[in-house]
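Read off the chains here:
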Number of protein chains: 4
Amino acid sequence: MSLPTDRPLGIAMIGYAFMGRAHSQAWRTVGAAFDVPRTARRVVVGRDESAVADAASRLGWEEHATDWREVIAREDIDIVDICTPGFLHAEIAIAALEAGKHVLCEKPLANDTAEAEAMVTAARAARQRGQIAALGFTYRRVPALALAKQFVDTGKLGRIRQVRAAYFQDWLVDENAGMSWRLRQETAGSGALGDIGSHAVDQIQHLTGQKATAVRGRLATLVPQRPGADGLEEVTVDDAAWATLELEDGALASVEVSRMATGAKNQLTIELYGTDGALRFDLENPNELWFLDATSPIAEQGFTRVLVTEPEHPYLEAWWPQGHVLGWENAFTNQARDLLVAIRDGEVAPYAPDFADGLALQRVLDAIIASDAADGSTVTL
Amino acid sequence: MSLPTDRPLGIAMIGYAFMGRAHSQAWRTVGAAFDVPRTARRVVVGRDESAVADAASRLGWEEHATDWREVIAREDIDIVDICTPGFLHAEIAIAALEAGKHVLCEKPLANDTAEAEAMVTAARAARQRGQIAALGFTYRRVPALALAKQFVDTGKLGRIRQVRAAYFQDWLVDENAGMSWRLRQETAGSGALGDIGSHAVDQIQHLTGQKATAVRGRLATLVPQRPGADGLEEVTVDDAAWATLELEDGALASVEVSRMATGAKNQLTIELYGTDGALRFDLENPNELWFLDATSPIAEQGFTRVLVTEPEHPYLEAWWPQGHVLGWENAFTNQARDLLVAIRDGEVAPYAPDFADGLALQRVLDAIIASDAADGSTVTL
Amino acid sequence: MSLPTDRPLGIAMIGYAFMGRAHSQAWRTVGAAFDVPRTARRVVVGRDESAVADAASRLGWEEHATDWREVIAREDIDIVDICTPGFLHAEIAIAALEAGKHVLCEKPLANDTAEAEAMVTAARAARQRGQIAALGFTYRRVPALALAKQFVDTGKLGRIRQVRAAYFQDWLVDENAGMSWRLRQETAGSGALGDIGSHAVDQIQHLTGQKATAVRGRLATLVPQRPGADGLEEVTVDDAAWATLELEDGALASVEVSRMATGAKNQLTIELYGTDGALRFDLENPNELWFLDATSPIAEQGFTRVLVTEPEHPYLEAWWPQGHVLGWENAFTNQARDLLVAIRDGEVAPYAPDFADGLALQRVLDAIIASDAADGSTVTL
Amino acid sequence: MSLPTDRPLGIAMIGYAFMGRAHSQAWRTVGAAFDVPRTARRVVVGRDESAVADAASRLGWEEHATDWREVIAREDIDIVDICTPGFLHAEIAIAALEAGKHVLCEKPLANDTAEAEAMVTAARAARQRGQIAALGFTYRRVPALALAKQFVDTGKLGRIRQVRAAYFQDWLVDENAGMSWRLRQETAGSGALGDIGSHAVDQIQHLTGQKATAVRGRLATLVPQRPGADGLEEVTVDDAAWATLELEDGALASVEVSRMATGAKNQLTIELYGTDGALRFDLENPNELWFLDATSPIAEQGFTRVLVTEPEHPYLEAWWPQGHVLGWENAFTNQARDLLVAIRDGEVAPYAPDFADGLALQRVLDAIIASDAADGSTVTL
């Protein structure tokens, strides 16, 4: 698929809530920050006409629409950006791919594995036609984590033996906070593990370049009932989870997630321990990467706080001078940049993560859940 | 001046370098984040037609132009945003105010006091006509610093006795780095004190709500010569400076600035010590405010790291969920928001800092320079 | 048992290596820092006469001896302080208790459960005679952890739901480092879990005041072979371990330990998350306790760095003025203080942890090992 | 002077308050930690017989005495350790030196310059006889600061251009806290500048190896009156001070001290910025040295937290395994070690700082005071 020559790449965004706002900011900004193909924010799609009209105006889309099927059929649309709840991902993404569009789909790929498999099949076929089926694990585009990946890939850590990842939030600490769709299995698909633990597992596999081959897991619902419209209701998803992962080269990784970690706001922490070095990262200080070079003289050794704002750092040349830090949202712009570059460059730059990565990740999460169901015993992948 | 009823507020931006990029991002984003009057990025102005055309396209302005006089005369322009080098500020700002436009002028207000005084005169006249003459000390809109101001204003620190501010960068550490216009008095107007020390002094006066009444200062040029086209040239501005300020209520403040602070990238640090509490801030971790409540029980006392990302914090309701941090650029969007609200609300919300604040600040910096020239003895204001 | 009236409490210390040095420092210092019964460092015992003589001189003991049986029979000895390797603990401790002495035994209580049970039986009998059988989990006497305990006990955390403890060291990172007795099951008894994980588990149970009722565990030997005298030898203990613990009130705790955590030197970290607050601690910064009060106003909330050096903090009144921090060794002096006070006050102040606590802890560790042997499935206690 | 062959070095300590406690701990510990000549804590001297008897018992001295003149005449005394208030230093130190003893005198050297000069004269004469006249700027023996000195001396920072030192405490924040001898010029000799600022200035000169050649200073008494026995009294010493120092090689250093820095407990911070690197230190985290190597690749550059607990670090081989941190008191033991080694080795290891260093430092402090008296203008040294 080549770029259209007579017009900018047309983008349609389905959904306009939290993720839609972040994606809009990215599409609005990417051309100013990076040297990428021109884009046009053609249309935003939602079910409620009045609300989506308002969103279009506020978020800067040329048009709004309520029927995503009509939108993905439009000739002037090249990219379909899916920001809906997870249960709608499969239907829209498959249709968009079949309509010949590039797709960027927010995580999770889908709410169940059957859907995810169908999406991967559609993506594989679309790939033959030069289309990209991208998955939004945006944190891979946080510059400090992209730098971490560079450090691992260039051998600065030697062989990685141990990894520790956690994702802690605290928005469920109050046990009087009421039930919501996010706390029901049938609507949310998953709890803390799927929602935020997925980021932790993705980073583990992405940064190490190693797949999990076997897992042990534990899930918990620390507040099992919450007030609903008609009294106390059962919370049917996990609000905390733990797992250990064996990686293909023999390293061991741990994962711990919680929506009950009082005082932790959005704390994705990652630690990598290798034979020659170590790395630490905390999403609440996303411009810092802490690197220890175990090959340096002992008397000078320690974790170095690298403020990831130099032109030498990933994505940073496009942004501000050194020391002028980026925020959470900039990773979405970096993601948009990488997607546009991948579209422009075709085969040269296969975009990751794609739908297949999303399915593989989902299988790890499923294995953790299966292990918990099997009293914690090992589940192999 | 009331808002135009038939069209969005039209913005013209003069200059499109570093600050122009930041301001463009703000104008592009403000309507998506905040509930503000509609705006249109009408035109960006620069001297080099080809370059400004490219900037307009990249930064998302409808048109470009090379003659700022024509632009400020346009009926569809309501706000003139001045991002040029300082020596052009006075002429453009005065003309724009006289043309009936609101003005946002980047800091410093002007390169000399005479110009600054003329600007204040023009701004005073314009104020009678309902126009705003805003000055871009954007860091006042960093949420953590806005929160600091709230804490001071609501008495959480009691009476402030001591303040310590520093602004450290390191881009001049290499003594083989060549001469540039920024290192010559005649082109730059000032060195580290004027460029970054101005932020430190502004914060001291803004946060405490107290004006400096007397100062002592020292300036230094730690690398006095640098390679130019024809051999070594004299550096004629300061690259480091120190000052102490007596504030009107009797507190003492210190300022230290440097472009030689190896390893400091953009490190504006502010410490406020009061009878009932203390605050600390570091611009390299701009989402954190460290607060000590000296009235809490001793056994629990200490500096609290407030992650300034809650809806209860200034500006944050408009942004992302808790724990999803902001970057350096977001303060410019917050600034655009405040300016638009001030324009909308007229007298109700006088915008600060304005040109008069800029002149007053310049007089403090001049006094520091005069003190240094007088061997460090006190200069009163 | 009452205090001797005519002489100081006589102490005999068995063993004089790392722990012996730390205990000697404590006995040497305790009377200067605290108001405690007088003590005399009577005799240090070791097998190698020349070496123990040197140790006595260097560490400040009046005499040295090579036969611990003779020593514990001495009339002038009141306290037997056991700093030998673990496999000797049971024999010496039981004999000393039977000889009517108070005993302070370094952790681990014993190398196997049968020995530990015999020790508890002996301690129970001795307790009837007013003797103390104390176990050296010294970190309970780190002031910041003692303060954490106070905070939990006075309800500042509300109900604790989640705990996270880790103990990371890195002294085994180099895979060419040779075999040693610490890496063989038969001599060391246990690996990272028993050596340092025991501290993590002890803190979890101690700080929460809750016992583990069920566990899941995983052990790993990340470097399974190391060079010995005759080529590569098998490492037969774990060098990393993971566990989750269900606590009696329903909280979940995780434990992670490693001797492979590159760059971690002695990093025991503990995090407690409750309905009303949270705590964090890191043994590499042992004078700091980080406390979050979830009942304070949101806009001011965050983790507070409490520098635990105030007279209002546990043990601190005896030490230095505020801000003058303590080191690792001071916890041993605090431990000696608590033991002497318990001896002086008799029933009023039962000393903890005692041998029964050590046995209970050992059973948790054994359950973790059993869970790993059972492929990670739950083992109840 | 050679070591006595038939007995340990006998120590007499004059004074037994805060500093006496710290010195006692050092003498009690030094022989256990380090390979040094044997010592005996012979006698502690004070004016109040009952109190000094109690101190002798508690702090572990063989005898007590009330007449320091008798004590310094004793044959079995080799070292006189002066821990009295400053106004007694000169008389005791000179007499002890004239009696042929080594002297360790706590800082400040004396309360006025005339006394200090007499002490230096006595020390110079004593030096001819092989006696040491040591001054207690103990922070030079904090391992992290000793490591900083090594880094500077081995060129890791290149040429130092800028230094920033501050010493902040907060024990005078409460303006209702009453008058005391420390707040009167005639008894205290000096205020915050002399008490804690002296440490900052000593570190600046010691670490850089450069003397101050000219200074500008400002002193303030932020709370000028405090309640005394008969109503409000004037505070006649400074409680905060600021200075800039020109160093002999052209670097500029700043000093800021305060007893009003709410929340700062004992916060001596030092920052050194050189052409090739930078260092940062904070006495509230005394086991950490933050080092930036400006010659390392930009993408990896940043401040490295060196946990100064390795055998490769100064003094550490004598203490505990890596990661087992030291406290404030250990620096006193390190100081005792260095003094004993200097005594043992004679000319080979001249001990610093000595009385001449103390006098030179006093002259810098006097110059800062003189500058303030001259409205802040430069005073040369």
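Note that the structure is a prediction, hence the values are computed from the model and not measured.

### Observations regarding the overall build of chain A
Within chain A, the secondary structure is distributed over ten helices and 17 strands. Relative to the globule expectation of 21 Å for 381 residues, the C-alpha radius of gyration of chain A, 21 Å, shows essentially globular dimensions. Each of the three principal axes of chain A carries a C-alpha extent, and together these read 60 × 55 × 35 Å. Across the 381 residues of chain A, 64% fall into the buried class.

### Concerning the relation of the copies chain C and chain A
Relative to chain A, chain C is turned by 180 degrees and slid 0.0 Å along the rotation axis, the superposed coordinates differing by an RMSD of 0.0 Å. What we have between these two chains is a two-fold relation. Mapped onto chain A, 100% of the interface residues of chain C are again interface residues, and the two copies thus contact each other with one and the same surface.

### Quick notes on the sheet that holds strand 4 (residues 79-82) of chain A
The strands making up a sheet associate through hydrogen bonds between their backbones, and the pairing can be parallel or antiparallel. All names here are of chain A. Spatial strand order, 3-2-1-4-5-6: six strands in an open sheet with parallel pairing. Each edge of the open sheet is held by one strand with a lone partner, namely strand 3 (63-65) and strand 6 (133-136). Within the sheet, the average angular offset between the axes of one strand and its neighbour, ignoring direction, is 20 degrees. Where strand 2 (residues 39-45) and strand 3 come together, three bridges link them in parallel fashion. Within strand 3, the residue paired with V44 across the bridge is H64. Together, strand 1 (9-14), strand 2, strand 4, strand 5 (102-106) and strand 6 form the strand contacts of helix 9 (residues 330-345), whose direction differs from that of strand 5 by roughly 155 degrees.

### Describing the interface of chain C and chain A
At the interface, 51 residues of chain C touch 51 residues of chain A. Roughly 3700 Å² of surface becomes buried between chain C and chain A when both sides are summed, with 45% attributable to carbon and sulfur atoms. Looking at the side of chain C facing chain A, the largest losses of area belong to R161, R164 and R218 of chain C, adding up to 20% of the total buried there. On inspection of chain C and its partner chain A, the count reaches twelve salt bridges. With a shortest N-O distance of 3.7 Å, D375 of chain A and R216 of chain C are connected by a salt bridge. Linking chain C with chain A are 30 residue pairs in polar contact (both at pLDDT 80 or more).

### Here we look at helix 2 (residues 49-59) of chain A
All names here are of chain A. Within the sequence span of helix 2, burial applies to V52, A55, A56 and L59. Buried positions in helix 2, seen along its axis, are confined to an arc of 100 degrees and lie on one side of it. Turned more than 90 degrees away from the buried face of helix 2 sit S50 and S57, all of them exposed. Of the residues that open helix 2, the one with a side-chain oxygen 3.1 Å from the backbone nitrogen of S50 is D48. A positive phi of about 85 degrees marks G60, the residue just after helix 2.

### Observations regarding the relation of the copies chain B and chain C
In screw terms, the move from chain B to chain C is a rotation of 180 degrees and a rise of 0.0 Å along the axis, fitting with an RMSD of 0.0 Å. The fraction of interface residues of chain B whose copies in chain C are also interface residues reaches 100%, indicating that both copies meet through the same surface.

### Observations concerning the sheet that holds strand 3 (residues 63-65) of chain C
All names here are of chain C. Strand order across the open sheet formed by six strands is 3-2-1-4-5-6, with parallel pairing between neighbours. Among the strands making up the open sheet, the edge pair consists of strand 3 and strand 6 (133-136). Strand after strand, the sheet turns through a mean of 20 degrees between neighbouring axes, direction not considered. The pairing of strand 1 (residues 9-14) with strand 4 (residues 79-82) spans four bridges and is parallel.

### Points about unusual backbone geometry
Cis geometry marks the peptide bond from K107 of chain B to P108 of chain B; its omega dihedral reads -5 degrees. At the junction of A352 of chain C and P353 of chain C, the peptide bond is cis and its omega measures out at 0 degrees in the coordinates. Following the sequence through the fold, P353 of chain C ends up in the loop between helix 9 (330-345) and helix 10 (355-373). A positive phi angle is found at Y315 of chain A, which is not glycine, with a value near 75 degrees. Note on placement: Y315 of chain A falls in the loop between strand 16 (303-307) and helix 9.

### As for helix 9 (residues 330-345) of chain B
Residue and element names in this part refer to chain B. Taking 1.5 Å as the rise per residue, helix 9 with 16 residues should run 22 Å; its terminal C-alpha atoms sit 22 Å apart, in good agreement. Burial within helix 9 is extensive, with 13 of its 16 residues counted as buried. Following helix 9 by one or two positions, G346 adopts a phi angle in the positive range, close to 60 degrees.

Definitions and limits used
- Residues numbered from 1 in each chain as written.
- Chains lettered and ligands numbered in written order.
- Predicted model: local features only at pLDDT ≥ 70, side-chain atom pairs only at ≥ 80, totals over all residues.
- Heavy atoms only, no water.
- Helix = DSSP H or I, 4+ residues; strand = E, 2+ residues; numbered from the N terminus.
- Rg over C-alpha atoms; globule rule 2.2 N^0.38 Å.
- Buried < 20%, exposed > 50% of the residue type's maximum accessible area, 1.4 Å probe, protein only.
- Least-squares fit on C-alpha atoms with pLDDT ≥ 70 in both.
- Contact = heavy atoms within 4.5 Å.
- Pairing = 2+ DSSP bridges.
- Axes fitted to C-alpha atoms, helices over the stretch in contact; angles between N-to-C directions.
- Buried area = accessible area lost by both parts, 1.4 Å probe.
- Salt bridge = Lys/Arg side-chain N within 4 Å of Asp/Glu carboxyl O.
- Polar contact = N/O pair within 3.5 Å; in protein donor to acceptor, adjacent residues only side chain to side chain.
- Arc of directions from axis to C-beta.
- Expected span 1.5 Å × (residues − 1).

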